[in-house]
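Notes for the structure review
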Amino acid sequence: MKSLALVTILLFIFSIKSSYSPAIALELGYLSGSAYEAAVSIEAWNCSYCHKYPFSDAKVFSNAVSGIQGYTGFSKGLNAVIVAFRGSNNIQNWILNIGTTKSTYSLCSNCAVHTGFNSGYNAVAAAVRSAVQNLKAKYRNTRLIVTGHSLGGALAILCTADLKNFFGTVDLTYTFGQPRVGNDAFSSWYQSQHPNTYRLVDYADIVPHLPPSSFGFLHSSNQIWYQRGMQSYTICEPESPSCANSIDRTSYSTDDHSLDNYIKLKAIQ
């Protein structure tokens, strides 16, 4: 009986760890939004998205050549070291220039990822690892969570794989309006290695349909597909034809890509 009870408890704990949480999604949506702010405001934690949740030790990382920006820090509410990435500041121009070139990805066999996303993450990877290492030394026995919106979501996927390779684990990854990152081999590998990744899609958001699957790109994470208004959702397979892929391409929307829409989601379902 005792062994059965222990198994039940362990299964319960695992289900909590691996379940999608709208409350966590809402907080990470705001934290993703903070990555768009000026570095000085982020580090002082007085930006427009910052007021919602308390945060400590915010430190910005960036690369002027690639245009990548994000920050690290500690969330007391989530009891987690956080890595958050900024998306593109001009979504229309970014869509026009996204490109479809792939590069070999060294962490898995036969894997290839979007060249631009990969070079963008590599430009800040050393700074991210160093900041995370310092935070993990200060805040021991805490979780490690990675997040980002739009381009920042793609960077969050690559960061998750990189940090797990260096630190052994990443507890959660939540992305918002994330584009496809890699080929089918990368998709399968990532999903097997990082099951606690949740990719939120606001109804007809255009960006999750890019780069097109016809160019050999596939999504790799649990799809959380919200109806317009972000009040109800369906959990789907990464490329399920019944969720975001059910939207006709003539109905794809840049308005649905707005982070301000994503943070309308209900924290309790």
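Residues numbered from 1 in each chain as written. Predicted model: local features only at pLDDT ≥ 70, side-chain atom pairs only at ≥ 80, totals over all residues. Heavy atoms only, no water.

Section: the overall build of the protein
Broken down by element type, the protein carries 9 helices and 10 strands. Relative to a compact globule of 269 residues, whose C-alpha radius of gyration would be 18 Å, the protein shows 18 Å and is just as compact. For the protein, the spread of C-alpha atoms along the principal axes amounts to about 55 × 50 × 40 Å. When the 269 residues of the protein are sorted by exposure, 54% land in the buried category. (Helix = DSSP H or I, 4+ residues; strand = E, 2+ residues; numbered from the N terminus. Rg over C-alpha atoms; globule rule 2.2 N^0.38 Å. Buried < 20%, exposed > 50% of the residue type's maximum accessible area, 1.4 Å probe, protein only.)

Here we look at helix H2 (residues 22–34)
End to end, H2 covers 18 Å across 13 residues, agreeing with the expected 18 Å (1.5 Å per residue, within 8%). Counting buried positions along H2 gives 12 out of 13 residues, so the element sits mostly inside the fold. Of the positions making up H2, those classed as buried are Pro 22, Ile 24, Ala 25, Leu 26, Glu 27, Leu 28, Gly 29, Tyr 30, Leu 31, Ser 32, Gly 33 and Ser 34. (Expected span 1.5 Å × (residues − 1).)

Notes on the packing of helix H6 (residues 125–138) against helix H7 (residues 151–167)
For the pair H6 and H7, interaxial distance at closest approach is 11 Å and the crossing angle is 55°. With respect to each other, H6 and H7 are oriented oblique. Between H6 and H7 lies a crossing of right-handed hand. For the pair H6 and H7, the contacting residues are Ala 125, Val 128, Arg 129, Val 132, Gln 133 and Lys 136 in the first and Cys 159, Asp 162, Leu 163, Phe 166 and Phe 167 in the second. Along the lines of polarity and charge, the residues of the contact of H6 with H7 split into 7 nonpolar, 1 polar and 3 charged. (Axes fitted to C-alpha atoms, helices over the stretch in contact; angles between N-to-C directions. Parallel < 35°, antiparallel > 145°, perpendicular 65-115°, else oblique. Left-handed = near helix turned anticlockwise from the far one by under 90°. Contact = heavy atoms within 4.5 Å. Nonpolar A, V, L, I, M, F, W, Y, C, P; charged D, E, K, R; others polar.)

Looking at the pattern of salt bridges
By the definition in use, this model includes 4 salt bridges. Between Asp 57 and Lys 138 there is a salt bridge, and its shortest N-O distance comes to 3.0 Å. Linking Asp 57 in strand E1 (residues 56–63) with Lys 138 in helix H6, this pair joins segments that are 81 residues apart in sequence. Judged by relative accessible area, which is 53%, Lys 138 ranks as exposed. Residue Asp 162 is joined to Arg 129 by a salt bridge in which the shortest nitrogen-to-oxygen separation is 2.9 Å. Highlighted residues: Asp 162 in helix H7 and Arg 129 in helix H6, separated in sequence by 33 residues. (Salt bridge = Lys/Arg side-chain N within 4 Å of Asp/Glu carboxyl O.)

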